[in-house]
Amino acid sequence: MSDETAFTHKPVSEVPHALSDFDAVRRALGGRKPALFLDYDGTLTGIVPRPEDAVLTDDARAIVKRVADALPTAVVSGRDRPDVEALVGIDGLIYAGSHGFDVELPEGGHLEPPVAGDWTETLDACEARLHEGLDPIKGALVERKKFSIAAHYRLVSDADYPKFREVLDRVEESFPDLKEKTGKKVFELQPNIDWHKGKCVLWLMRALKLDRPDVAPIFLGDDVTDEDAFRALQTVGGGFGVVVSEPEDDATDRRTAAAFRVSDPKEVLMLLQRLAGE
Ligand SMILES: O=P(O)(O)OC[C@H]1O[C@H](O[C@H]2O[C@H](CO)[C@@H](O)[C@H](O)[C@H]2O)[C@H](O)[C@@H](O)[C@@H]1O
């Protein structure tokens, strides 16, 4: 699944809009029951300057809860699992954090994908180095998750960015067991193993016995890391991705492996309601 050329990618502007062309969504579902996999930032909430301010509204929470009562629903986020669990605040969902490395099932069952292992020591050491180098840079934020560390530069000035990048390069040289992934104004350092949101979704489907011909897995997400999940769902009959695309995606001619698009978190909620038959 790492060979991206094996998958279909299209410019976001050429991907059908899921609400304007809901008949196409219905055709893609082919009568199967949707199983929902939801990203958090940029999907359930808008992107805001500081991670702690990306709070789900009560209305959005009520909609997600209703939809999750009707359809199997998991949140698969880059955030730390307890963090995204608290932000979503709905019992009974499946939560995967740290980009799918850390999973909790509704009955309190905790699952760590077999590839996870114990990365605490390495990540602790890397986090300390990142704080040392990045804390003096105005606007830089270091966000520790159980299996990943985010180095945010959204609030770093253009003048300071080269310094920020230099620190990262230096730190990364000392941690060859970690890999860098890019996100929205963020670099994520994670265990350098072949695991991502896409693998997590396929693994969850097996674990939850959703890998059945009558179930269509749908992943809704906005970021580059969500493309792993969109690609993974191209391998599952009836499965597909929905990209939440910003005007910037058109401007930069972003290519996506998603089959459909919506424009913002408001439209995500509308689509979820339609998928749940509301
Ligand atoms: O997989 P997700 O649930 O979408 O999480 C991806 C990252 O989201 C957060 O950072 C992003 O959103 C912030 C709030 O809108 C924004 O300030 C930041 O610039 C974005 O990169 C989160 O803080 C990260 O831990 C997640 O990995």
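What you are looking at is a predicted structure, and each value in this text was computed from that prediction instead of being measured.

Concerning the overall build of the chain
Line of reasoning, step 1. Counting secondary structure elements, the chain contains nine helices and 14 strands.
Line of reasoning, step 2. A compact globule built from 278 residues would reach a C-alpha radius of gyration of about 19 Å, and the chain, at 18 Å, matches this within 12%.
Line of reasoning, step 3. Principal axes of the C-alpha set define a box for the chain whose edges measure 55 × 40 × 40 Å.
Line of reasoning, step 4. Sorting the 278 residues of the chain into buried and exposed places 40% on the buried side.

Focus on the site of the ligand
Line of reasoning, step 1. The environment of the ligand is formed by 24 residues, the closest being Tyr40, Asp41, Pro51, Ser77 and Gly78.
Line of reasoning, step 2. Broken down by secondary-structure element, the contributors of at least two residues to the shell around the ligand are β8 (148-152) and β10 (186-191).
Line of reasoning, step 3. For the shell around the ligand, a count of residues per class yields eight nonpolar, six polar and 10 charged.
Line of reasoning, step 4. Both domains that meet at the shell around the ligand, namely domain 1 (4-112 + 214-275) and domain 2 (120-191), each give it at least three residues.

Topic: the nonpolar core
Line of reasoning, step 1. Judged by nonpolar contacts, the single largest core of 51 residues is most densely connected at Phe37, Val75, Val76, Ala96, Val201, Leu204 and Val242.
Line of reasoning, step 2. Not counting chain neighbours up to four residues away, the residues in contact with phenylalanine 37 comprise Ala74, Val76, Val201, Pro217, Ile218, Phe219 and Ala229.

Regarding the domain arrangement of the chain
Line of reasoning, step 1. Here the domain parsing of the chain yields domain 1 (4-112 + 214-275) and domain 2 (120-191).
Line of reasoning, step 2. When each unit is reduced to the centre of its C-alpha atoms, the spacing between domain 1 and domain 2 is 26 Å.
Line of reasoning, step 3. Across the boundary between the two partners, domain 1 contributes 16 residues, which contact 13 residues of domain 2.
Line of reasoning, step 4. Taken together, the residues of the side of domain 1 that touches domain 2 sort by class into five nonpolar, six polar and five charged.

Re unusual backbone geometry
Line of reasoning, step 1. Look at histidine 99: it is not a glycine, yet its phi comes out positive at around 60°.
Line of reasoning, step 2. Tracing the sequence through the fold places histidine 99 in the loop between β4 (94-97) and β5 (102-104).
Line of reasoning, step 3. With phi around 55°, lysine 185 is a residue other than glycine that occupies positive phi space.
Line of reasoning, step 4. Secondary-structure assignment places lysine 185 in the loop between β9 (178-183) and β10.

Some words on the sheet that holds β10
Strand pairing in a sheet takes place through backbone hydrogen bonds and is either antiparallel or parallel in direction.
Line of reasoning, step 1. Reading across the sheet, the four strands line up as β7-β8-β10-β9 and stay open at both edges, with antiparallel pairing between neighbours. Either end of the sheet is taken by a strand with one partner, and the two such strands are β7 (141-145) and β9. Strand-to-strand, the axes of this sheet are offset by a mean angle of 20°, without reference to chain direction.
Line of reasoning, step 2. Packing against the sheet, helix α4 (residues 120-134) makes contact with β7, β8, β9 and β10, and its axis sits at approximately 10° to β8.

Things to note about the pairing of β9
Line of reasoning, step 1. Of the strand pairs in this sheet, β9 and β10 are connected by six bridges, and their pairing is antiparallel. When the bridges of β10 are listed, glycine 183 appears paired with valine 186.
Line of reasoning, step 2. Turn length for the β9-β10 hairpin, with the two strands adjacent in sequence and antiparallel, is two residues, and the turn residue lysine 185 shows positive phi of about 55°.

Quick word on helix α3 (residues 81-88)
Line of reasoning, step 1. Taken residue by residue, α3 has Arg81, Val84, Leu87 and Val88 as its buried positions. For α3, the arc enclosing every buried residue in end-on projection is 130°, short of the 170-degree limit, so these residues lie on one face.
Line of reasoning, step 2. In this structure, the buried residues of α3 make contact with β3 (73-76), β4 and β5.

Observations concerning the environment of methionine 205
Line of reasoning, step 1. Among the structural elements, methionine 205 can be located in helix α6 (residues 197-207).
Line of reasoning, step 2. On the basis of neighbour counts, which here come to 22 C-beta atoms within 10 Å, the residue methionine 205 falls in the buried class.
Line of reasoning, step 3. Between the alpha carbons of methionine 205 and proline 217 there is a distance of 8.2 Å; along the sequence they are 12 residues apart.
Line of reasoning, step 4. For methionine 205, the contacting residues outside a window of four places in its chain are Leu210, Asp211 and Pro217.

Let's talk about helix α9 (residues 265-275)
Line of reasoning, step 1. What α9 keeps buried is the set Pro265, Val268, Leu271, Leu272 and Leu275. Projection of α9 onto a plane perpendicular to its axis shows the buried side chains occupying an angular sector of 110°, all on one side.
Line of reasoning, step 2. Close packing links the buried residues of α9 with β2 (33-38), α2 (58-70), β11 (215-221), β12 (240-244) and β14 (260-262).

Cut-offs applied
- Residues numbered from 1 in each chain as written.
- Predicted model: local features only at pLDDT ≥ 70, side-chain atom pairs only at ≥ 80, totals over all residues.
- Helix = DSSP H or I, 4+ residues; strand = E, 2+ residues; numbered from the N terminus.
- Rg over C-alpha atoms; globule rule 2.2 N^0.38 Å.
- Buried ≥ 20, exposed ≤ 12 C-beta atoms within 10 Å, placed from the backbone.
- Near = placed C-beta within 6 Å.
- Nonpolar A, V, L, I, M, F, W, Y, C, P; charged D, E, K, R; others polar.
- Domains from an automatic or database assignment.
- Core = buried A, V, L, I, M, F, W, Y, C linked by C-beta atoms within 7 Å.
- Contact = placed C-beta atoms within 7 Å.
- Pairing = 2+ DSSP bridges.
- Axes fitted to C-alpha atoms, helices over the stretch in contact; angles between N-to-C directions.
- Arc of directions from axis to C-beta.

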